[in-house]
Amino acid sequence: MMLAHVIRKFNLLILTLLVLSILSFMLVYLFPGDPLVNLTGLEDIDQETYQRLTVLHGFDKSYFHQYWYYIRGLFDGEWGLSFSSGLPLANEIAQTLPASIELSAYALILSLLIGVPLGFVAGFQHHKTTDYGLLTASVVAYSMPIFWLSLILILVFSLQLGWLPLSGRISLLFDIPHHTGFILIDIFFSDLSYKGAAAKSAFYHLIMPTASLTIVTAAIIFRLTRRSVIEVMSSTYVQAAYTRGLSGFQVVMRHGVRNALVPIIPLFGMQFAVLLTNAMIVEVVFSWPGIGSWLIQAINQRDYPAIRAGMLAVSTLVIMLTVATDLLAKLINPAQMGTAHAES
Amino acid sequence: MPNLDLYQEEFHPSPLVHTWLEFRKSHIAVLGLWLLAFFIVLVILGPLIAPFDPLLQNPNAFLVQPAWDASGSIRYLFGTDSLGRDLLSRLIYGCRMTLGISLLLVVISMLIGIALGAIAGMTRGVRSSVLNHLLDSLMAVPTLLIAIVIVGILGIGLVNSMWAICLALVPQVVHNTREVVRAEMQKEYVLASKLDGAKKFHLFFYCVLPNMYEMLVVQGTMALSIAILDISALGFLGLGAQPPSPELGVMLSEGLREAYKSPWLIALPGSAIFLMVLAVNVVGDGLRSALRNRLQN
């Protein structure tokens, strides 16, 4: 049963990725300009090279052949060159994507650590002052445009108080060798003499972007948790547990926590996609060298190869994460699997 | 008027009135509604209220501080920006532009979404299955990301970003409509109409749709808050509306350069977006809990 489900999800994943790759291939033709230039990113090429590239990418054959060569190129890491920097896109994405994932991951962990416990507190105190206070705070946090929130943090903590650095990922004085792309991990495993100072600088640079992402995401997670807890605590089996003479604490531990968490775990997974999008905006504000600021710069400069590759990378990541969290949720709560089968 | 209860008459409110009565019990929700009404009045009457033209540059008044500052003047209530444009007028026009466009987008995407959702909910078979799977995978992707992707393909500009957000909003509306239509179609009153010989068109417009209005309003408020945030975010990132148009996100990114000298250029447009989204969210939350209370009683 589980295996069948995994296979089904895997099929869906492959199918979606196939559609995405076809779409990104179509972009080569949809963008203005010569398709071959859009594909390779090589501008100003002479006739001879052009002929060579035409054969190399199968542009003298059918669309199907071209697509086949395109896919092969994707797997070989030949994603073309960027118009603006002239560097291979695969390398640029390999450098920027981990920075975004790092930022989003820290923010997600922090939001879960803040949002879930507060959600439980508010859910158990339903219709009391604590609940109303937390709910108001969450509505405020959730209505905040994230770019404005980041700007306010910069105005207060960088410009007025001067506590935290304005932008970037680490002070330019440090030169961290690029291995995994996750800066804290890279620093940790490097053998530099100034490890401590570099880690401190990286940490200070992380605080504000993470904080602005966390505030918005924690509010959403808080609301999801609170609603789920309220529904569980008003259900009949919880009332039955009370009538059996269990204390409030026992009811919560035995029936409340697990039943409230199980239905919302897949929703937490979906938050990662939202988080990644918000991270793209925050990156622009803080000049964080992630995929978001890179992609938006590419859109502004009409760097077509970069737009195509960047979108493929981001959407692949989002789809894979969605499927992965979906599977994880089904593993935790096999009851959902049955209904999914019955529906289809 | 005192509410005299002379006759022991039983009061049976219609569902809509009932929802309104429940909604009115929450003072915060009513406050949110007033705030939203204020913004909508600004959208309609903006040009009559604004003291200056939003694009009018006064070369004698660059970066004037707001009126409450010692160096400010009452002529410019909220001060001026780096080109000498009156911030109050720009804010009013900005609300008009941001909220007006968002409202338009929400209405269009709701119409498309409801139509598609009704088709998806009332049909069975391969067609609806394909549509559903496609939509469900799109549901997981945030609207702003879809919008950025579409803007990347179409190119930068206000109209393109409007198309992008409109298309990005549709999947969620379709999904929710489909779920509600499916649930309603199972109910017995629909079956009764079916036995009376009602066609699908009739079933949808006379049986299912009247039971969806409230859900649609809730859905609309959610879509509206997303649309406001997205359109101003795209403006801020330089992908949507372009300067010098008075869009709130664009104003924020323009104000960035002078943020150090006059923080009001950032604080005020940002608060306007924040208040708009807050009002919409509060009204949406109020409506949702009013609906929940009505259905529980």
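Residues numbered from 1 in each chain as written. Chains lettered and ligands numbered in written order. Predicted model: local features only at pLDDT ≥ 70, side-chain atom pairs only at ≥ 80, totals over all residues. Heavy atoms only, no water.

### Observations concerning the interface of chain B and chain A
One frequent convention defines the size of an interface as the accessible area lost when the parts assemble.
Reasoning step 1: Tallying the contact residues gives 36 residues for chain B and 32 residues for chain A.
Reasoning step 2: With both chains or domains summed, chain B and chain A bury close to 3,200 Å², and 79% of this area falls on carbon and sulfur atoms.
Reasoning step 3: Inspection of the region where chain B meets chain A yields 1 salt bridge.
Reasoning step 4: For the pair chain B and chain A, the number of links is 3 residue pairs in polar contact (both at pLDDT 80 or more).
Reasoning step 5: Those elements giving two or more residues to the side of chain B that touches chain A turn out to be α4 (126-139), α5 (143-154), α9 (213-237) and α11 (264-296) of chain B.
Reasoning step 6: With 12 residues, α11 of chain B is the largest single contributor of residues to the side of chain B that touches chain A.
Reasoning step 7: A breakdown of the residues in the side of chain B that touches chain A according to their chemical character gives 27 nonpolar, 7 polar and 2 charged. (Contact = heavy atoms within 4.5 Å. Buried area = accessible area lost by both parts, 1.4 Å probe. Salt bridge = Lys/Arg side-chain N within 4 Å of Asp/Glu carboxyl O. Polar contact = N/O pair within 3.5 Å; in protein donor to acceptor, adjacent residues only side chain to side chain. Helix = DSSP H or I, 4+ residues; strand = E, 2+ residues; numbered from the N terminus. Nonpolar A, V, L, I, M, F, W, Y, C, P; charged D, E, K, R; others polar.)

### With respect to the side chain of T96 of chain A
Reasoning step 1: Mapped onto the fold, T96 of chain A is located in helix α5 (residues 89-124).
Reasoning step 2: Sequence-distant contacts of T96 of chain A, that is, excluding residues within four places in its chain, are made with P289, G290, I291 and W294 of chain A.

### Here's the deal with the layout of surface pockets
Residue and element names in this part refer to chain A.
Reasoning step 1: In this structure, the second largest pocket occupies an estimated 380 Å³ of space.
Reasoning step 2: Taken together, 15 residues make up the lining of the second largest pocket; nearest its centre are L17, L74, F75, L312 and T316.
Reasoning step 3: Listed by contribution, the elements that provide at least two residues to the lining of the second largest pocket are α1 (2-30), α4 (63-75) and α14 (304-332).
Reasoning step 4: Here the lining of the second largest pocket takes 5 residues from α1, the largest share from any one element.
Reasoning step 5: Residues belonging to the lining of the second largest pocket are distributed by class as follows: 13 nonpolar, 2 polar and no charged. (1 Å grid on protein atoms, 1.4 Å probe; cavity = no way out; pocket = protein on both sides within 12 Å on 5 of 7 lines; lining within 4 Å. Points joined across faces, edges and corners; volume = space filled by probe spheres on them.)

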